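A look at the structure
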Amino acid sequence: DAGVTQSPTHLIKTRGQQVTLRCSPISGHKSVSWYQQVLGQGPQFIFQYYEKEERGRGNFPDRFSARQFPNYSSELNVNALLLGDSALYLCASSWTTGNTEAFFGQGTRLTVV
Amino acid sequence: QKEVEQDPGPLSVPEGAIVSLNCTYSNSAFQYFMWYRQYSRKGPELLMYTYSSGNKEDGRFTAQVDKSSKYISLFIRDSQPSDSATYLCAMSHPTSGGSYIPTFGRGTSLIVHP
């Protein structure tokens, strides 16, 4: 069975641009969460979606938005990119909103220049 | 003060050593405690999770939670070079919406040399 898949794996964008990152959860998982991991730090929670509804939001500006589709895949959008948005963006899926058994994808490495 | 504190290391040990990795936390509301392993350029991989205080063992790994001291540990027995990675602790409590949102430590870099 396929694990959590994220696309693209790497991305280079210019300041001010917009980016969309994609995530497909493990089959049967209905919860998807997004994290930002800056080099040398642990992942920081951005959003959680469960059954297409937002169930949690971290301390990130409104430039960050997300959605979940009927097939439980998800997109993370970031507008007006800043240099500080450069990070590894991780998607995790789980059966429920409990997140104790969350499975991560390998991430999208975003570089803003 | 951060909610979850974790020494970044690096921690360098010889093959076969017992490794002790630790985190402290300040939020007494945390209920679930997780340990992840992250290899370079990969996503984190869940090793173990525990609920409440006590020990939990899985193969060469033992997770320990001391809620009274707000201290958690991960022990790795008979460490192998393949254990070289960054180890992240994470902990969560229920939000008003019923979700459990994990708060991660910054990770400890472990190097096991042959």
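Calculation criteria
Residues numbered from 1 in each chain as written. Chains lettered and ligands numbered in written order. Predicted model: local features only at pLDDT ≥ 70, side-chain atom pairs only at ≥ 80, totals over all residues. Heavy atoms only, no water. Buried < 20%, exposed > 50% of the residue type's maximum accessible area, 1.4 Å probe, protein only. Helix = DSSP H or I, 4+ residues; strand = E, 2+ residues; numbered from the N terminus. Pairing = 2+ DSSP bridges. Axes fitted to C-alpha atoms, helices over the stretch in contact; angles between N-to-C directions. Contact = heavy atoms within 4.5 Å. Buried area = accessible area lost by both parts, 1.4 Å probe. Salt bridge = Lys/Arg side-chain N within 4 Å of Asp/Glu carboxyl O.

Moving on, we come to the pairing of strand E11 (residues 108-112) of chain A. All names here are of chain A. Where burial is concerned, the two faces of E11 differ: the one with Thr 108, Leu 110 and Val 112 is buried and the one with Arg 109 and Thr 111 is not. Two strands pair when backbone bridges link them, and strand E2 (residues 10-13) and E11 are joined in this way by four bridges, in the parallel orientation. Across the sheet, residue Lys 13 finds its bridge partner in E11, namely Val 112.

With that settled, the discussion passes to the sheet that holds strand E3 (residues 19-24) of chain A. Residue and element names in this part refer to chain A. Strand order in the open sheet made by the four strands is E1-E3-E8-E7, with antiparallel pairing throughout. One side of each edge strand has no neighbouring strand; the edge strands of this open sheet are strand E1 (5-7) and strand E7 (64-68). Neighbour-to-neighbour, the strand axes of this sheet turn through a mean angle of 15°, independent of strand direction. Relative to strand E8 (residues 74-78), E3 runs antiparallel, the two being bridged by five bridges. From the neighbouring strand, Val 19 faces E8, where its bridge partner is Val 78.

Turning to the interface of chain A and chain B, a few remarks are in order. Across the contact, 20 residues belong to chain A and 21 residues belong to chain B. Each partner contributes to the roughly 1700 Å² buried at the junction of chain A and chain B, and carbon and sulfur atoms together form 51% of this total. Interface area lost by chain A to chain B is led by Pro 43, Thr 100 and Phe 104 of chain A, which between them contribute 27%. Where chain A packs against chain B, one counts zero salt bridges.

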